[in-house]
Every structure is written in structure tokens, then in C-alpha cells.
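Each chain is listed here by its residues.
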Amino acid sequence: MCGIVGYIGKEKNIHFLVDTLKYLEYRGYDSCGVAVAKNGGVFLQKSKGKIENLKARLKEEKFSLGIAHTRWATHGVPNHLNSHPHFDCCKEIFVVHNGIIENYATLKDRLIRKGHKFISQTDTEVIPHLLEEFNKKEDIFEALIHTVEELEGSFAIVLFRKNTHKLLFAKKDSPLILGILEEGFLLTSDIPAILPFTKELINIEDKSLGVLEDNRCRIFDFNGKNRKLKKERVELHQVAISKKDYSHFMLKEIFEQPKVMERLISFYVKDEEINFKDLNLPLTKLKEISKIFIFACGTAYHAGFVGKYLLEKYVGVDVEIDVSSEARYRKIRFSSKDLVLAISQSGETADTLAAVREAKRKGAKVIAICNVLGSTLTKESEGLISTLAGPEIGVASTKAYTAQVFSLLLFSLYLARVKNIMNANSFANFLKELKNVPLYQKEILERANEIEKIANKFSRFGCFLFLGRGINYPSALEGALKLKEISYIPAEGYPAGEMKHGPIALIDEYRAVVCIAVKDELYSKMISNVQEIKARKGKVLGVVNDLNEDEARLMDEIITVPNFRITDVSPLVVAVPLQLFAYFVAKNLGCEIDQPRNLAKSVTVE
Ligand code: M6R
């Protein structure tokens, strides 16, 4: 993963590099570093942990050529030596890299045999040493062409050589954007990091190399042949991102959910009909769809799982869902009547992009369900359903999840209408219930204090099970993921009926079990499962509505959600107390909520 920045141009303060890097912190925050050309030498500073730590170590320093990096560790622990920028034996060539060099071990062996000295455990370090090797006979640009020929894997690389006032770059399968500033050039891993400085940019084509000098930009293919500069003007607004009065972005984003649901309704529902303008598939094609494949990762996968239940029930199509990292390697055959839905908040998740590329190679049509317009996924898919959740900063996904589920619900109803499966009355009835969702969510948010008290009681448990059935089985998976990623407490989501096939062995008075038991056709079976847990002394937290006194006595604590007119909207609502529960447990334990350890907001490596 990692975020990279490079600048060449009129003199600036070194804090400019680090402040730009801050926009990329969602890509990783294990360590960071900066290198700038200075008086014929190079000033290098690295720091473990967040960018703030690096910033605190930097004095005001003028520079006109420099690079910076924020790391999500793949090869080697997060420490000073493994932090970027990396350099060659003579400390003349400085490199930042995003991606993975898959053949680094072979290259490293070869370079060591030639006498190169390595100081880190990273894959990246082979790059400056290869450059050094080739630079013995060739200039640095020629050396870059030959270095790139040797590299297997994915890379966005930015580098400079001491005493050469040039910034060089190379890109293959990792994003790299070039901003054209009045005072110079700025390279970064994504567009939002450039937008505060310019709207004019070049989205660097794959398999490109480039050389930037003060007033000159040249881009080439991997053979050194000139590429045309394709400048774009990006009119996306830079949204002011602040926590407002919330203690964390995650909490703010949980509270934003009713607004996001309202936004989706007003964008996609017009005159009591659902309309998607960017599907890019003719109605005849949509009517024909007989099978849908859903590819996604993490929370987006859980949203897709809810979508599977909805599409099967309302559209009557077969749905297969896979985590993208598995889908990519399955021998799936696509027919012309199949559709792929690729779900991703960021639109940059490497596994999902790889699965989409493979599906497209085999002729499948792909619709992206995505939150970031202009992301790689939205560009590479035929169609788009924009989830309109707005920037999500907390690493633990909350509003993006419910926005994905809501979009899938809308899409299911839309397809059911297109295929003439749902009659006008049932459709109108469902739309009415969808409009209640923001109200249901608000009702729970108003009781956040109650949930905090319950979370405080439960935060002493060292292990959690989350159980649900049917359409709320994915809600259980998502509830468990939220808890484990921000509180580090082991938590597993299970379909409640499967508990007796193994996980029940875990149950005793020290286990907490969160049971999603809303009134639906599987309710009585869910209550039987709760009985089984109580018979083994497990501590039960029920997420319930409409339960009788006997059922209430079974639970140690309850969080009540509203009574639904149509229970298939329930995943959109039970998500809220589960998110709040995870948040308050993590808060109670003093965990770092918005940037949990080892995670990154956007997972751009496979
Ligand atoms: O950007 P994406 O939706 O493709 O990201 C997928 C997962 O990496 C993401 O949902 C991850 O699981 C979150 N940290 C969950 O909160």
C-alpha cells in the first residue's frame, strides 16, 4: 500500500511535503520519511508511526526537490531502517515506492553478490541498488529504464539522484498522479492529495516512466518512447474534512448515516420510481441477467452478502459472492447473461481491481458500487452505482457500509421492476419503508448513551461471538469485524444455526454472545439458539425488537431497534447499534479508534 509524494519546482518549506503526505495517511501509517536535495547533499528524516511524529521532528527547511512516503508494512517490521526513502550504497539515489516487488529476493541475492550492502528487510531497497548498478554506465533515466525491466510486481516509484536536479518516476499497477502547479510539479498516490494545490493533472498511464525538471515534464513508455501528455481538469470539490465536535471520525460517520440514506433516496428515487443513470447497460441486457457475481473485500463483502439475499429474493437470480482475493483465482466461467457487481468504498482495493480485470478479460460486464468517483474501479467498470456516502476517514467502515447495503437494496428493487417480477403495489410499499430507514437509524442514535453503558459492561470480555440468521447473518459478520478491528478483541461472526456444529464449544460464562434477533421468519429459531447459549451460561446481548417477557429474560442485556414493516431493511438499522457498540468498547479500552494498528483505509496491495 503506502502513499508517496514527490515535488520539484520553486522553493518551498519542507512541511509542504509532509502536509501533502498527510492526505495519504489513509494508505498506511506504520512509519514515514522524507528526503530533500540540499546544498549538494541530501537531508533525510524518518520516523516510526504517524506523520505527526515526523512533522514534529522537522525544522523549517527550504527545498525545491524532494520525496516523502507513508508506509503500510509488507516486507519488514515498521522501524526506522525499513522506512522509506531508501537509498543506494553511496547514499546518492533516494527512492520512495508503493507496491510490491515480487522478485526482490532474487534481485537482492544478485546485488549482494555484486557487493551491494542492504540495510533493510524491504523489497523496495533493491530499487536504489539496481539504479546504482545501472547508473555506473548510464545516466539516471537510462538506469531507470533498465531497472524497471528487472522488476516484477507492482510499483509507483518516485526518485531523485543527488546533484541532478530532476525528479524521476515509474508506474506499473499502482496509482500515480501528476499535479501541474504554477510553481512546479507534484506527484502523489491519489487525486485528493493534489486538489488543494491544483485542478490540472495527469493521471499517469500504466507502464510509464517520467522525468520532471523545473519547467518541463516528459513521459515515456517502458521502452523509452515518448507518450503524449494527457492533461485533465478535475472539478471535484475538496471537501473540508473535520471531526466537528465528535471525538472521532468514526463516531461522526456513524451519526451521518441517516443523512446518507436520505441522500441516496433523493438521488435515485424520482416520481416514485428508482432510476440509475450510469449503469451503461441497455434495458434488454438488464432483463436478460440470470446470474450475478459479487466481488468485494472486508466490510464491502458483508454489504455484498446482504445484497445476495436481496437479489435472490426479489430478482430471482442466482447470486455467487466471493471475497475478491479468492474470486480472482477461481476458474469462473461467465456467460453473456451474467453480471458482476464489484463493491468498494475506495475503488482502489487491489484485490477487487484484480478480480474485476480478470472478469472483464473473460467477457463479463461489471458494475461498480463505489464511494469514490474517479477511482480506478469506477474508471475500469462499464457501469457505476455511486454510494454517495461522502469521504469516510475512519479506517473502520460505517456509513460506507450502510450506503452500499442501501444501494444494493435500491438496485434489487430496480431490477425486480425491470424484470417485471415485483408488482407496483409491493414496490410502492417497499419504497415507503426505505424512506423510514433514516428515521429508524435516528431513533437508535438518540440512544447512543444507553449503548455506551452496555458496551462499558461488556468490554471486560476477552472473546465475542456475533450470531444472526438469514439476511442478518452478514450483519453478524460485520458486527464482529467492527469490534475486532478497533478493539482488538477476538470476535467471530457466525450463522446462528451453525453454532451447534462447533463454536458452541466456546460458550461458558466468560464468553459474550451478541445475538441479532429481530422479528422475521427465522425469529423463533434464533430464540432457540439463544436458549442453547443460556443453557451453557454464555452472556447474551440481544439486538432485538418486539420480544415478549420470557424472551427478554433470556438476555443479559438488550438493545432495542424499531419494529420494521419490512424486515429486509433490518441490516441497515442493526448495523448502527453494532457500530456504536464496537466504538464504545474500543473507547472504553483506550484504543486508537480512527487508525487502528496494522490497518489502512485503502488496501492497494494484493
Ligand atoms: O475500499 P474498500 O471498500 O474496497 O475496502 C475493503 C476493505 O478493505 C474494508 O472494507 C475494510 O475491511 C474496512 N477496514 C472495514 O472496516
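Thresholds applied
- Residues numbered from 1 in each chain as written.
- Predicted model: local features only at pLDDT ≥ 70, side-chain atom pairs only at ≥ 80, totals over all residues.
- Heavy atoms only, no water.
- Helix = DSSP H or I, 4+ residues; strand = E, 2+ residues; numbered from the N terminus.
- Buried < 20%, exposed > 50% of the residue type's maximum accessible area, 1.4 Å probe, protein only.
- Contact = heavy atoms within 4.5 Å.
- Lys, Arg positive; Asp, Glu negative; His and termini not counted.
- Charge placed at Lys NZ, Arg CZ, Asp CG, Glu CD.
- Pairing = 2+ DSSP bridges.
- Axes fitted to C-alpha atoms, helices over the stretch in contact; angles between N-to-C directions.
- Parallel < 35°, antiparallel > 145°, perpendicular 65-115°, else oblique.
- Left-handed = near helix turned anticlockwise from the far one by under 90°.
- Nonpolar A, V, L, I, M, F, W, Y, C, P; charged D, E, K, R; others polar.
- 1 Å grid on protein atoms, 1.4 Å probe; cavity = no way out; pocket = protein on both sides within 12 Å on 5 of 7 lines; lining within 4 Å.
- Points joined across faces, edges and corners; volume = space filled by probe spheres on them.
- Salt bridge = Lys/Arg side-chain N within 4 Å of Asp/Glu carboxyl O.
- Near = heavy atom within 4 Å.
- Polar contact = N/O pair within 3.5 Å; in protein donor to acceptor, adjacent residues only side chain to side chain.
- Areas by Shrake-Rupley, 256 points an atom, 1.4 Å probe, with all protein chains shown as cover.
- Sits in = over half its atoms within 2 Å of the grid points.
- Domains from an automatic or database assignment.

A.B. asks: Describe in detail the overall build of the protein chain, supporting the description with residues and values.
C.D. replies: Across its full length, the protein chain carries 19 helices and 26 strands. Viewed in the frame of its principal axes, the protein chain has a C-alpha envelope of about 80 × 55 × 45 Å. Within the protein chain, the proportion of its 606 residues that are buried is 61%. For the protein chain, the proportion of contacts with a sequence separation of at least 24, taken over those separated by at least 6, is 72%. For the protein chain, the separation between the mean place of its 85 positive charges and that of its 78 negative charges on side chains is 1 Å.

A.B. asks: So what's going on with the sheet that holds strand 20 (residues 365-370)? Residues and values would help.
C.D. replies: Strand order in the open sheet formed by five strands is 18-17-19-20-21, and the pairing between neighbours is parallel. Edge positions in the sheet fall to strand 18 (318-323) and strand 21 (383-386), since each of these pairs with one other strand and no more. Each strand of the sheet is rotated relative to its neighbour by a mean of 20°, with strand direction disregarded. Across six bridges, the pairing between strand 17 (residues 291-296) and strand 18 is parallel. Within strand 18, the position partnered with Ile294 by the bridge is Ile321. Along the sheet, helix 13 (residues 399-418) makes contact with strand 17, strand 19 (338-344), strand 20 and strand 21, crossing strand 19 at roughly 160°.

A.B. asks: With reference to specific residues and values, describe the packing of helix 9 (residues 298-315) against helix 13.
C.D. replies: Angle between the axes and distance between the axes are the two parameters that describe a pair of packed helices. Helix 13 packs onto helix 9 with a crossing angle of 20° between their chain directions and a minimal axis gap of 9 Å. With respect to helix 13, the axis of helix 9 lies roughly parallel. Crossing hand, helix 9 versus helix 13: right-handed. From helix 9, Thr299, Ala300, His302, Ala303, Gly304, Val306, Gly307, Leu310, Leu311, Tyr314 and Val315 reach across to helix 13, where they touch Tyr401, Gln404, Val405, Leu408, Leu409, Phe411, Ser412, Leu415 and Ala416. Taken together, the residues that form the contact of helix 9 with helix 13 break down as 14 nonpolar, six polar and no charged.

A.B. asks: Break down empty space enclosed by the protein for me, with residues and values.
C.D. replies: Applying the stated criterion to the full structure yields four cavities of 30 Å³ or more. When its volume is computed, the largest cavity comes out at roughly 60 Å³. In terms of lining, the largest cavity is formed by Arg469, Asn472, Ile516, Ala517, Val518, Asp520, Leu522, Tyr523 and Met526. For the lining of the largest cavity, the class distribution of residues is six nonpolar, one polar and two charged.

A.B. asks: A description of the pattern of salt bridges should follow, citing residues and the corresponding values.
C.D. replies: Oppositely charged side chains can pair when the atoms bearing their charge come close. Counting across every chain of the model gives 39 salt bridges. In this structure, the salt-bridge partner of Lys136 is Glu133, at a minimum N-O distance of 3.1 Å. Residue class for Lys136 comes out exposed when judged on its relative accessible area of 57%. Here the residues in one salt-bridge network are Lys291, Glu320, Asp322 and Arg330, joined through shared partners.

A.B. asks: A description of the site of the ligand should follow, citing residues and the corresponding values.
C.D. replies: Looking at the ligand, there are 14 residues lining it, with Ser344, Gln345, Ser346, Thr349 and Glu485 nearest. One of the side-chain N or O atoms of Ser344 is found 2.6 Å from an oxygen atom in the ligand. The contact in question runs from an oxygen atom of the ligand to an N or O atom on the backbone of Gln345, over 2.6 Å. Within the complex, 91% of the 410 Å² of free accessible area of the ligand lies under protein. Because more than half of its atoms lie within 2 Å of the grid, the ligand is assigned to the second largest pocket. Here the shell around the ligand gets three residues from one element, more than from any other, and that element is helix 9. A per-class count over the shell around the ligand returns five nonpolar, seven polar and two charged.

A.B. asks: Residue-level account of the sheet that holds strand 24 (residues 512-517), with values.
C.D. replies: One open sheet accounts for five strands, arranged 23-22-24-25-26; its pairing is parallel. Edge positions in the open sheet fall to strand 23 (491-495) and strand 26 (557-560), since each of these has one partner strand only. Across the sheet, the mean angle from the axis of one strand to that of its neighbour is 20°, orientation sign disregarded. For strand 22 (residues 464-468) and strand 23, the ladder comprises five bridges, and the chain directions are parallel. Across the sheet, the residue bridging to Phe464 is Ala491, located in strand 23.

A.B. asks: I'd like a rundown of the domain arrangement of the protein chain, residues and numbers included.
C.D. replies: When the parts of a complex come together, some accessible area is lost, and that lost area is often taken as the interface size. Split into domains, the protein chain comes out as domain 1 (3-240), domain 2 (243-435) and domain 3 (445-593). Computed over C-alpha atoms only, the centres of domain 1 and domain 2 are separated by 35 Å.

A.B. asks: Lay out the layout of surface pockets with the relevant residues and their values.
C.D. replies: The method is simple in principle: a probe with the dimensions of a water molecule rolls over the atoms, and the space it marks as empty is what remains. In this structure, the second largest pocket encloses a volume near 530 Å³. Taken together, 25 residues line the second largest pocket, and the ones lying closest to its centre are Cys297, Gly298, Ala600, Lys601 and Val603. Secondary-structure elements contributing two or more residues to the lining of the second largest pocket are helix 9, strand 19, helix 11 (350-361) and helix 16 (473-487). Here the lining of the second largest pocket takes three residues from helix 9, the largest share from any one element. When the residues that make up the lining of the second largest pocket are grouped by side-chain class, the tally is 10 nonpolar, 11 polar and four charged.

A.B. asks: Help me get a handle on unusual backbone geometry, residues and values and all.
C.D. replies: The peptide bond linking His84 to Pro85 adopts the cis configuration, its omega dihedral lying at -5°. In this structure, Pro85 sits in the loop between strand 4 (62-71) and strand 5 (86-87). Backbone geometry places Leu388, a non-glycine residue, at a positive phi of 55°. With respect to the helices and strands, Leu388 occurs in the loop between strand 21 and helix 13. Overall, the relative accessible area of 18% leaves Leu388 in the buried class. Positioned with a positive phi, Asn598 is a non-glycine residue whose angle comes to about 70°. Of note, Asn598 is situated in the segment after helix 19 (570-588). By relative accessible area, Asn598 is classed as exposed at 53%.

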